[in-house]
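The residues making up each chain are set out below.
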Amino acid sequence: MARRPLPRILSNGTAALARGRELARSAVDSATDVLHPLITIARGLRRLAAAGRRKWVGTPKDKRGPLLFFVASVVLVVALIPYGPGFALIVLMGAAAWTGRDRTTSAPAGPEEAREQRLRCLYEALVPYFSVPEDPAPLFVHGGEWDEAFPSYDFDDTGRISRLVVRYPAYFTDGEAEARARIEQLLHAKSGRGREYHFAWDEEGNELTVAVLPPLPTDIAAQRFVTAPGETVLGFTDETGVQRTLPVADGEEHRDVPPVVWRTGIRSTEPHLLVAGQPGSGTTTLLRSIALQALQYGDVLIVEGSGTGDYACLTGREGVLAIECGLAGALASLEWAAHETERRLIAANRARQGGHPHPEDIRRPLWILLDRPSVLGHLAAADGRDDPQSLLHVPLRHGRAANVTVVVADQLDCLDALSDSVHRHTRARVVLGPALPDQLEEVLGTRPATTPTAEVPPGRGYARLGPGPVLRLQVPATPDPYDDATSEAHRQAVMELLPALSTPADTVSVDEAPEERPEAITGAEPVAAET
């Protein structure tokens, strides 16, 4: 049988069919582009109608009558006002266009191969800590899927983890500090060292959120902060740590930054402060900043155990009662401070019993700043005298009622030399400079929720006011204006905050005789305690 030839349309029309399909597809695409606004409005009208129907079905039957009456009233008002129907039609079309817009978003692409490998390595490292052999369906298992364990993650421009949410099994002992510390140390090491991480544990949801903290600003110089009497700015912290901001001047610009405000006075719950740090960490800078702020409303007595003259800029200034560097002057000044505290207590008690307001001479706050008292303690022990810290018992114990504030600063390796009164009554704590987690826990009472770094700028550390949370802290730049290494901008900033000279600086000695020091500076006799 002879082979019958194929129809012409099948043998030679393949190219024509393909060309026809392309023309039809392009025509459909062109029509879709032209009619896209109408399609969007139609889709929006359909969605609005469906929403109205759901609203009508969800309305109780006893409330459908008032709802229908309200809708009819609105329609009647729109129909009666001039241009009402046209305006209503425009509003309806706009609402339909907005509701019918295309809301589909492209699915986020998965992490790149290097990032996925980093997450997988982190997952494998957490397996020994988040798994037990008795778990029938372990979330963490060698060779398992990390997607369920890490539901959310972000990377920075360098490819390192900037934010990570970790889901862990419910049997993990997240209430124990040791178990949490092991996980935090592991995540810190695997996510990249040299950065500060914040760990937020959600015990109820069994999730741990790890976030990289931005560096705190180090360019804020000393200035007159906008605070109320009794408030002292220790430094600045993260935005999530406090619920308050302060305007600060940065050159010619102004910005708002979150501060760490320490409240002192009669109603303060943490009336005294202990500052600890390594040499060069900025403890003296913090005391100098506190002194400049305290001189705005009160009097300051400074005892400097190191004898380096870091407070020479305050010599002879108004409100500065004394700056003592020697042992004899320190003993005399602290003894006077103890008597002054007792006198203030007696005067306040008499005024309260008589129904009178407190006298003016006890309303002005008295600040006692001690820098390196452990050095004076060693000198006193070698000389056979009493430790100057023994004279701090009365100001520390009764200072809040007498409006007397004590600030003690010393090095971390000398905290054992501080007296029990200092440790017991200084509930506001600050640690500056690099410190081990055990040292932070010893001073602050608990470990911070962030990982400390090995290298930090001067004035960088942590602060905890009483039982509150541990906050990151950056002390404002308050250098010694007489130091040659101080920049001109910081020198001028400190000099502008200094009070006026009350006596020539060359006539005030920091090592006067004990019996002459309080009278020479304050002009008042020390008052002995009355029984």
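Above: the structure in question.
Draft legend 1. Up close: the pairing of strand β12 (residues 366-371). The buried fraction of β12 is high, at six of six residues. Here β12 shows no split at all, with Leu366, Ile368 and Leu370 on one side and Trp367, Leu369 and Asp371 on the other all buried. Relative to β12, strand β10 (residues 299-304) runs parallel, the two being bridged by six bridges. Each bridged residue has a counterpart across the sheet, and for glutamate 304 the counterpart in β12 is aspartate 371. Both β12 and strand β13 (residues 404-411) contribute to a ladder of six bridges, which runs parallel.

Draft legend 2. Inspection of the sheet that holds strand β4 (residues 207-212) at higher detail. With antiparallel pairing, four strands are arranged side by side in an open sheet as β1-β2-β4-β3. Every other strand in the sheet has two partners, leaving β1 (152-155) and β3 (197-202) as the edge strands with one partner each. With strand direction ignored, the average angle separating the axes of adjacent strands in the sheet is 10 degrees. With four bridges connecting them, β1 and strand β2 (residues 161-167) associate as antiparallel partners. The partner of aspartate 154 across the bridge, within β2, is arginine 163. Across the sheet, helix α6 (residues 113-126) touches β1 and β2, and the angle it forms with β2 is around 45 degrees. Sheet strands touched by helix α7 (residues 177-191): β2, β3 and β4. Its angle to β3, the strand with the most contacts, is close to 140 degrees.

Draft legend 3. Summary view of the packing of helix α3 (residues 36-58) against helix α5 (residues 84-99). For the pair α3 and α5, interaxial distance at closest approach is 7 Å and the crossing angle is 95 degrees. Classified by the angle their axes make, α3 and α5 are roughly perpendicular. Between α3 and α5, the contacting residues are Thr40, Ile41, Gly44, Leu45, Arg47 and Leu48 on the first element and Leu92, Met93, Ala95, Ala96, Ala97 and Thr99 on the second. Of the residues that constitute the contact of α3 with α5, the class distribution is eight nonpolar, three polar and one charged.

Draft legend 4. Expanded view of helix α4 (residues 61-80). In this model α4 runs 30 Å from its N-terminal to its C-terminal C-alpha over 20 residues, within 8% of the 28 Å that 1.5 Å per residue would give. Taking burial as the measure, the 20 residues of α4 include zero buried ones, a minor fraction of the element.

Definitions and limits used
- Residues numbered from 1 in each chain as written.
- Predicted model: local features only at pLDDT ≥ 70, side-chain atom pairs only at ≥ 80, totals over all residues.
- Heavy atoms only, no water.
- Buried < 20%, exposed > 50% of the residue type's maximum accessible area, 1.4 Å probe, protein only.
- Helix = DSSP H or I, 4+ residues; strand = E, 2+ residues; numbered from the N terminus.
- Pairing = 2+ DSSP bridges.
- Axes fitted to C-alpha atoms, helices over the stretch in contact; angles between N-to-C directions.
- Contact = heavy atoms within 4.5 Å.
- Parallel < 35°, antiparallel > 145°, perpendicular 65-115°, else oblique.
- Nonpolar A, V, L, I, M, F, W, Y, C, P; charged D, E, K, R; others polar.
- Expected span 1.5 Å × (residues − 1).

Nothing here speaks to function; it is geometry throughout.
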